[in-house]
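# Inside the fold
These are the residues of each chain, in order.
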Amino acid sequence: MTIKNLAVVGAGSMGHQIAMLGAIAGYETKLQDISQESLEKAEAKLAGIMDKWVKKEKISKAAREEAFTRLHFTTELEEAVAGADLVIEAVVEKLDVKRQVFAKLDEYAPSHTIFATNSSTIVSSLIADATSRPEKMCNMHFFFPPLVMDCVEVVKGEHTSEETVTVAMKVCEEMNRTAVLLQKEISGFIANRILFAIQKEAMSLYEGGYADYEDIDKIIKKALNHPIGPFELMDLSGIDVGYYVMQQQYQETGDPKDRPSKTLEEKMKAGELGRKTGKGFYTYENPVKS
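Nothing here was measured: the structure is a model prediction, and the numbers come from that model.

### Structural notes on helix α5 (residues 95-108)
If you check α5, its first and last C-alpha atoms are 20 Å apart, about what 14 residues at 1.5 Å a residue would give, namely 20 Å. Leu95, Lys98, Val101, Phe102, Leu105 and Asp106 are the residues of α5 that are buried. All buried residues of α5 fall inside an arc of 140° around its axis, so they share one side. In this structure, α5 carries Gln100 and Glu107 as exposed residues pointing more than 90 degrees from its buried face. Where α5 is buried, its residues meet β1 (5-9), α4 (77-81), β4 (86-89), β5 (114-117), β6 (137-142) and α10 (239-253).

### Topic: the side chain of Asp217
By secondary structure assignment, the location of Asp217 is in helix α8 (residues 213-223). For Asp217, the contacting residues outside a window of four places in its chain are Gly229, Pro230, Phe231, Glu232 and Tyr282.

### Topic: a positive patch on the surface
Where like charges cluster on the molecular surface, the positive patch consists of Lys52, Lys55, Lys56 and Lys58. Mapped onto the elements, Lys55 comes out in helix α2 (residues 36-55). Judged by its relative accessible area of 74%, Lys55 is exposed.

### A few points about the packing of aromatic side chains
Within this structure, the stated rule accounts for 9 aromatic pairs. With centroids separated by 6.0 Å and ring planes inclined at 55°, the aromatic side chains of Tyr213 and Phe231 adopt a geometry described as tilted. Of this pair, Tyr213 sits in helix α8 while Phe231 sits in helix α9 (residues 230-237), and the two are 18 residues apart along the sequence. An identical accessibility class is assigned to Tyr213 and Phe231; each is buried. Here Phe231 and Phe281 contribute two aromatic rings whose centre-to-centre distance is 4.9 Å and whose plane-to-plane angle is 70°, an arrangement assigned as edge-to-face.

### What to know about the UniProt feature "domain: 3-hydroxyacyl-CoA dehydrogenase C-terminal" (unreviewed entry) in the protein chain
The feature "domain: 3-hydroxyacyl-CoA dehydrogenase C-terminal" (unreviewed entry), as given by UniProt, occupies residues 188-284 in the numbering adopted here. Secondary structure across residues 188-284 comprises 62% helix and 0% strand; the distance between its end C-alpha atoms is 29 Å.

### A few points about the sheet that holds strand β8 (residues 179-182)
Spatial ordering of the open sheet is given by β3-β2-β1-β4-β5-β6-β7-β8, a layout of 8 strands whose pairing is mixed. Among the strands making up the open sheet, the edge pair consists of β3 (71-74) and β8. With strand direction ignored, the average angle separating the axes of adjacent strands in the sheet is 25°. With 4 bridges joining them, strand β7 (residues 152-155) and β8 adopt parallel strand pairing. Bridge assignment links Glu153 to a residue of β8, and that residue is Val180. Packed on one face of the sheet, helix α3 (residues 61-70) meets β2 (28-32) and β3 and runs near 35° to β3.

Analysis parameters
- Residues numbered from 1 in each chain as written.
- Predicted model: local features only at pLDDT ≥ 70, side-chain atom pairs only at ≥ 80, totals over all residues.
- Heavy atoms only, no water.
- Helix = DSSP H or I, 4+ residues; strand = E, 2+ residues; numbered from the N terminus.
- Expected span 1.5 Å × (residues − 1).
- Buried < 20%, exposed > 50% of the residue type's maximum accessible area, 1.4 Å probe, protein only.
- Arc of directions from axis to C-beta.
- Contact = heavy atoms within 4.5 Å.
- Patch = residues over 30% accessible without salt bridge, like charges linked within 9 Å, V, L, I, M, F, W, Y side chains within 5 Å.
- Areas by Shrake-Rupley, 256 points an atom, 1.4 Å probe, with all protein chains shown as cover.
- Salt bridge = Lys/Arg side-chain N within 4 Å of Asp/Glu carboxyl O.
- Lys, Arg positive; Asp, Glu negative; His and termini not counted.
- Charge placed at Lys NZ, Arg CZ, Asp CG, Glu CD.
- Phe/Tyr/Trp six-rings, centres within 6.5 Å; stacked < 30°, edge-to-face > 60°.
- UniProt positions renumbered as here; feature names shortened; annotations may be inferred.
- Pairing = 2+ DSSP bridges.
- Axes fitted to C-alpha atoms, helices over the stretch in contact; angles between N-to-C directions.

Take a look at the structure:
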C-alpha cells in the first residue's frame, strides 16, 4: 500500500509538528482541529520554526514553501480524512475521547485507510474495537517535540496486520525518523515506562523531603548525565499530560502506585501546567502555548 494523503487529527503540541513532518516528506497533509484558533496558532508556530530552519540551512527556502503548499488546515473532520490513506490521531490523552474520535474516523475515512494513535501510553487494542477495521490500527508514538526528536515507537497489537505495521514503519522512514517496532503491546511502551519510573521515584523523594526538586534535577543531570532533570521534563512535556497518563494507567492497573501524586494533583488544580502556562515546578517568563 502506498501512502499519498495523510491526515493528522489534533493541532496541539504534537499534532501540528507531526503534520509538518508529513508535508516535508512529500505527503499531501491535512491538519484537523475543532478549534480554528488552535489551527491558526499551529500555522504561525510552524512558520516560525521553518523560518529558523531556513536560516540554519536545515531546509531550503524552496523546500519550506513546497511543504506549506502540501499542508492544509481544517476544522472539519470529515473533510480532513475523506481521501486519507493514513490518519494519525493526536488528541488529548483520554481513552473515552480517543474512542469517540476513532468511531467518527471509521465512519468518515475510506475503507483502505490505516489508523494510528500517537498516544504516549494507551495501547491501540483499547481503541480498535471502536472501529470496523482493527487490523488497520496501530500505535505510532512520536516524541516531543516531533520536529526535533528522532524516534517513533510503532506498536503492533494482536489485532494489527503486518501490512499496517509495514506501512507505519515506511512512513516514519519517509519522515526521516527512526522507527522502532514493538512486537506486542504494553501500556506506556518502552521509553515512557523507563521515564515514568524515574519520574515516580523523583517525586517520591521530593515529597518525602529528601531533597528539593531543583536539587534532584541537578543530581540527575550531573551524576547521570541526563540533559534535563525529571521535574524540568515534566514542565516541558506538560504536567497535565503526565497527569492524564497516570490516571489512565491507574484505571488500567488499579495499583495505587500508578495514581497521580499529591503534588501533581495540586499543580493541576492550580493550573500550573509547566512551560505552556508560565509556571509548573519552575517559573517561566515566556509561556509556550500549545
